[in-house]
Amino acid sequence: MTQQIDDELVLIEPGDPDYDTLRRGFVYTGTPAGIIRCRNAADVAEAVAYAQRRGLPLAVRSGGHSGAALSTVGGGLVIDLSPINHVEVLGGPDNLVRLGTGATWGKVAEVLAGHGLAISSGDTTSVGVGGLMLGGGIGWMVRKYGLALDSLVAAEVVTADSRILRVSADDHPDLFWAVRGGAGNAAAVITFEVAAKRESQVTFARIVYPADNLAALLTGWRDALRAAPDELTTFLQIMPAFGEETPPSVVVLACYSGDDPAAITPLSRLGTPVSVDVDAVPYPKVLEDAFLPDGWQPMVRNRFIRALDDDLIGELAARATSIPMMVIELRGLGGAMNRVRAEATAFAHRDTEAMLQIVALGTPQDHQPIMKDYEAFWEALTPYTSGAYANFLTAITEDDVAAVYPEATRTRLAAVNRAYDPHNVFHRNINVNP
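The model shown is predicted, which means the values in this text are computed figures rather than measured ones.

Calculation criteria
- Residues numbered from 1 in each chain as written.
- Predicted model: local features only at pLDDT ≥ 70, side-chain atom pairs only at ≥ 80, totals over all residues.
- Heavy atoms only, no water.
- Helix = DSSP H or I, 4+ residues; strand = E, 2+ residues; numbered from the N terminus.
- Rg over C-alpha atoms; globule rule 2.2 N^0.38 Å.
- Buried < 20%, exposed > 50% of the residue type's maximum accessible area, 1.4 Å probe, protein only.
- Contact = heavy atoms within 4.5 Å.
- Areas by Shrake-Rupley, 256 points an atom, 1.4 Å probe, with all protein chains shown as cover.
- Lys, Arg positive; Asp, Glu negative; His and termini not counted.
- Charge placed at Lys NZ, Arg CZ, Asp CG, Glu CD.
- Phe/Tyr/Trp six-rings, centres within 6.5 Å; stacked < 30°, edge-to-face > 60°.
- Lys NZ or Arg CZ within 6 Å of the ring centre and 35° of its normal.
- Polar contact = N/O pair within 3.5 Å; in protein donor to acceptor, adjacent residues only side chain to side chain.
- Core = buried A, V, L, I, M, F, W, Y, C linked by side-chain atoms within 4.5 Å.
- Expected span 1.5 Å × (residues − 1).
- Pairing = 2+ DSSP bridges.
- Axes fitted to C-alpha atoms, helices over the stretch in contact; angles between N-to-C directions.
- Arc of directions from axis to C-beta.

Draft legend 1. Representation of the overall build of the chain within the structure. Counting its regular elements, the chain contains 12 helices and 19 strands. Over its C-alpha trace the chain gives a radius of gyration of 21 Å, about what one expects of a compact globule, namely 22 Å for 434 residues. Out of the 434 residues in the chain, the part that is buried amounts to 57%. Across the chain, the fraction of contacts at a sequence separation of at least 24, relative to all contacts at a separation of at least 6, is 71%. Taken as a whole, the chain presents about 17400 Å² of accessible surface, with 50% of it coming from carbon and sulfur. Across the chain, the 34 positively charged side chains and the 52 negatively charged ones have centroids separated by 3 Å.

Draft legend 2. Just the packing of aromatic side chains, in detail. For the coordinates displayed, the defined rule picks out six aromatic pairs. Taking 5.1 Å as the distance between ring centres and 80° as the angle between the ring planes, the aromatic pair formed by Tyr 389 and Phe 392 counts as edge-to-face. Residue Tyr 389 is classed as buried on the basis of its relative accessible area of 2%. Joined through ring pairs, the aromatic side chains of Phe 304, Phe 347, Tyr 389 and Phe 392 make up one cluster. Its guanidinium or amino end placed over the ring of Trp 177, Arg 412 lies 4.0 Å from that ring's centre, counting from NZ or CZ.

Draft legend 3. Here's a closer look at the side chain of Arg 143. Within the secondary structure, Arg 143 sits in helix H5 (residues 142-145). In terms of polar contacts, Arg 143 uses its side chain to reach the backbone carbonyl oxygen of Leu 333, at 2.8 Å. Sequence-distant contacts of Arg 143, that is, excluding residues within four places in its chain, are made with Leu 225, Ala 228, Pro 229, Asp 230, Leu 232, Thr 233, Gly 332, Leu 333, Gly 334, Gly 335, Ala 336 and Arg 339.

Draft legend 4. Seen up close, the nonpolar core. By size, the foremost hydrophobic cluster in this structure holds 56 residues, and its most contacted members are Leu 99, Trp 105, Val 108, Val 157 and Leu 175. Per-element tally for this core: the top contributor is helix H6 (residues 173-179), with five residues. Every residue in contact with Leu 175, bar those within four places of it in the chain, is listed here: Val 157, Thr 159, Leu 165, Val 167, Ala 186, Ala 187, Val 416 and Tyr 420. Membership of the second largest hydrophobic core comes to 42 residues, among which are Ala 224, Leu 225, Leu 316 and Phe 377.

Draft legend 5. Helix H7 (residues 214-227), seen in detail. When the terminal C-alpha atoms of H7 are compared, their 20 Å separation across 14 residues agrees well with the 20 Å that a helix rising 1.5 Å per residue should span. All of the buried residues in H7 are Leu 214, Leu 217, Leu 218, Gly 220, Trp 221, Arg 222, Ala 224 and Leu 225.

Draft legend 6. Inspection of the sheet that holds strand S18 (residues 326-332) at higher detail. With antiparallel pairing, the seven strands of this open sheet are ordered in space as S16-S13-S15-S14-S18-S19-S17. Of all strands in the sheet, those with a lone pairing partner are strand S16 (275-282) and strand S17 (299-305), marking the two edges. When the angles between neighbouring strand axes are averaged without regard to direction, this sheet yields 15°. Both strand S14 (residues 232-239) and S18 contribute to a ladder of four bridges, which runs antiparallel. Within S18, the position partnered with Ile 238 by the bridge is Ile 328. Strands in contact with H7 are strand S13 (201-210), S14, strand S15 (249-256) and S18; relative to S14, the strand with the most contacts, it is inclined by about 165°. Each of S17, S18 and strand S19 (354-360) touches helix H10 (residues 371-381); the most contacted strand, S17, lies at about 10° to it.

Draft legend 7. Spatial organisation of the sheet that holds strand S9 (residues 152-158). Pairing in this open sheet of five strands is antiparallel, and the strands run S6-S7-S11-S9-S10 from one edge to the other. The open sheet has two free edges, formed respectively by strand S6 (87-91) and strand S10 (164-168), since each of these has just one partner strand. For this sheet, the mean inter-axis angle between neighbouring strands, taken without regard to orientation, is 20°. Of the pairings in the sheet, the one linking strand S7 (residues 96-100) to strand S11 (residues 188-195) comprises five bridges and is antiparallel in character. Paired with Leu 96 across the two strands is Ala 195, which belongs to S11.

Draft legend 8. Geometry of helix H8 (residues 310-319). Of all the residues in H8, the buried ones are Leu 312, Ile 313 and Leu 316. One side of H8 carries all its buried residues, which in axial view fall inside an arc of 100°. In H8, the exposed positions that point more than 90 degrees away from the buried face belong to Asp 310, Asp 311 and Ala 318. Against H7, S17, S18, S19 and H10 lie the buried residues of H8.

Pasting the structure below:
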């Protein structure tokens, strides 16, 4: 059924023909009491006020990719921002672009490519602008241009008391600081003004190695990362066996800003590759179309690594292929991302060489037999890690909150949250005021 809230807004409730479709996210299908689809900031302001009048907990959803089910709330109200999906090229000396929070990064990349522009965002077409931007945005040009949020120059937000504000370095600078990395703690962000970059062609590579000499491969990749120019961003994935005919492998992915296949050469000489694919492509072509088999709920943890030292490489090499259906990914960082001051944004991890992500594939039932080994592996890696990325977590613990927000960042973010959201209305996030 549906319920008319005002002349413009409709509450979609269980029983409505659209409810089952709209309650589905990328990973989770939620059971909210209702869903309101918003088209602009005024709609969001009214939806926030409605939730509070009715005493309903609320979740704000842009693309619905939250692996921790933060895009929905059982028995509460989902504010669906996907209709706010515009991509406007404003131009000017900074190549300003205005993005609706519900736009997907695939759409953004395609529109901007028509103007010879790009934004280093993430690596998936269907991820929403809002969720990725608020948590960071570790994309294929992170070493050249930094995080997606590092290109943000202003935003339109709705606060818990339904005010519509423009935030920037000059307007509500405390809230602007919190928006950049604060994962939605202090306000709902409706539009983003971003400085795009003049980029078109990139050189993208996928190089596959057998996983029989992991320590040497990891060491070689680390050394290549340290020698690489900022224009080169590279990820390394240790893949499990998929049946008897597909043994464990190592996949090296790389993106060079420009048309220069030679820039990839060091990454193709880490061993004897099974395959090497290198192509110069328009930037939108490097973004993948993500999908999950029915029932899958990947279990994801991550931490940052200040230095890829030999002891860490030894731990990874010793256990990485021993746990079925476990993928390990290292994302090379540094470059422009690390040249931003730690206190400049609510994303404080500006002294990291790489991000480590461990993903257990499959359904929750598939995870049970491997949990003991998975936990032991994670514990063995803990001494080498520090900090965490907000966007790649599926079960958020207090340790995760402390890792995402170091003490000084968390204290400052909590103060902003109390100023703009004293009752913690926007709590469906990595929350600093639980």
